[in-house]
Amino acid sequence: MEKVKRGYTVIKCRAAVAWEPNKPLLMEEIEVAPPQANEVRIKIVATGVCHTDLYHLFEGMHKDGFPTVLGHEGAGIIESVGPGVTEFQPGDKVIPLFIAQCGECRFCKNPKSNNCTEGWAALRPDVMSLEDTRFTCKGKKVYQFMGTSTFSEYTVMNQNAVAKIDPAAPLDRVCLLGCGISTGYGAAVNTAAVEPGSTCAVFGLGAVGLAAVMGCKNAGAKKIFAIDINPDKFEKAKVFGATDFVNPRDHDKPISQVLIELTNGGVDFSIECTGNVEVMRSALECCVQGWGVSVIVGWTNMNDFSAKPIQLIGGRTWKGSLFGGFKSKDGVPQLVKDYLVKKVKLDEFVTHKMNLDKVNDAIELMKHGKCIRTIVSVSPQ
């Protein structure tokens, strides 16, 4: 299906295209343009399905963000490089990044932030893609979701948003570091800065929440409360280090009050991984007065959140975390190394595997809470 002269011609390949919101993805043949200056073309080998893909398809549904190719939690191999690219060469194993790291802007130069002025997140966050794209299908422009579009056999990205990784890394595992696991894990170890001997609460036990549990454990937390309305997830949370389990539906009082009573005044750190604004408030309110830190991780831009000022005046801190606070090009290669030496778990997140033509099944599994992570095989390695 693809033309042979590497890097200089259009590649025709398969991709799962979201033509419009709230509809199944369709397998199509798309055209992927050659990489331009400072760009690389990547053969995607494997991808996870993340809730943010579902958010764009079923919740955000911004009409200007379609048609698009979803997927942002992938890994692959450099197929070709454009003019000016010196960091990568064909054959390199890489992870596409939905947050760039240009190294030159005020955010990249500040150690306090992992934001960057390059890419969709800075320029068009509402539609979650740039106007410029290297994809076409049936004569129409197709957007690259979050700049990545890993539900395609090939994608083109700026080199500022690609991480070169250890060649020993299995792509069908480390792809998960492209979003969910890095996001949850970093929210604990970077943004919350969980301390040894502390008490933590993690709200939502999807992949991001389980990764946050793992981060709390690795940071030395003594007690880790795992909170979810699906009791089937509690056994899985134990694998990552949870010590206690609370189902809000088992109690006739607010979950924040339950946790305050269980912890003699509140937890030291709470991490919200649901994207639900009511849960965000509960996560804040369950923190101890004086020094409690609550971190918002769940992605949403749909509703306002609120709390009474006294919750913060008393000394609590409420903060947000994007991609776990990791500077993307620096952080992801190190996380891959951490996985290879078993400091970070990845295999334990994988509950299902399927091919790209079954991606709608993977979306349904996540939509109904029937999986932690599904690995989608996109191209043979």
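Residues numbered from 1 in each chain as written. Predicted model: local features only at pLDDT ≥ 70, side-chain atom pairs only at ≥ 80, totals over all residues. Heavy atoms only, no water.

1. Digging into the packing of aromatic side chains
This model, assessed by the stated rule, comprises five aromatic pairs. Here the aromatic rings of Phe240 and Phe349 are separated by 4.4 Å at their centres, their planes lie at 35 degrees, and the arrangement is tilted. Here Phe349 lies in the loop between α10 (328-340) and β17 (350-355) and Phe240 lies in helix α6 (residues 234-240), a separation of 109 residues in the sequence. With relative accessibility at 0%, the residue Phe349 sits in the buried group. Lying over the aromatic face of Tyr143, Arg124 brings its terminal NZ or CZ to 5.4 Å of the ring centre. Positioned above the aromatic ring of Phe58, the side-chain terminus of Lys367 is 4.1 Å from the ring centre. (Phe/Tyr/Trp six-rings, centres within 6.5 Å; stacked < 30°, edge-to-face > 60°. Helix = DSSP H or I, 4+ residues; strand = E, 2+ residues; numbered from the N terminus. Buried < 20%, exposed > 50% of the residue type's maximum accessible area, 1.4 Å probe, protein only. Lys NZ or Arg CZ within 6 Å of the ring centre and 35° of its normal.)

2. Re the side chain of Glu39
Assignment of secondary structure puts Glu39 in strand β3 (residues 39-48). For Glu39, the contacting residues outside a window of four places in its chain are Pro34, Val81, Gly82, Val85, Arg134, Val156, Met157, Asn158 and Gln159. (Contact = heavy atoms within 4.5 Å.)

3. With respect to the domain arrangement of the chain
Split by domain assignment, the chain resolves into domain 1 (56-180 + 325-377) and domain 2 (192-320). One C-alpha centre belongs to domain 1, the other to domain 2; they are set 27 Å apart. At the junction of the two partners, domain 1 supplies 13 residues and domain 2 supplies 14 residues. Here domain 1 packs against domain 2, burying approximately 1,200 Å² in sum over the two surfaces, 71% of which is carbon and sulfur. If you sort the residues of domain 1 by the area they bury against domain 2, Lys345, Phe349 and Ile372 come out on top, with a joint share of 39%. (Domains from an automatic or database assignment. Buried area = accessible area lost by both parts, 1.4 Å probe.)

4. Remarks on the pattern of salt bridges
One pass over the full model with this rule turns up 18 salt bridges. Among the salt bridges present, the one from Arg41 reaches Glu79, with a minimum N-O distance of 2.7 Å. Taken together, the residues Arg41 in strand β3 and Glu79 in strand β5 (residues 74-81) connect sequence positions 38 residues apart. Overall, Arg41 belongs to the buried group, its relative accessible area being 0%. Where salt bridges share partners, they join Glu39, Asp132 and Arg134 into one cluster. (Salt bridge = Lys/Arg side-chain N within 4 Å of Asp/Glu carboxyl O.)

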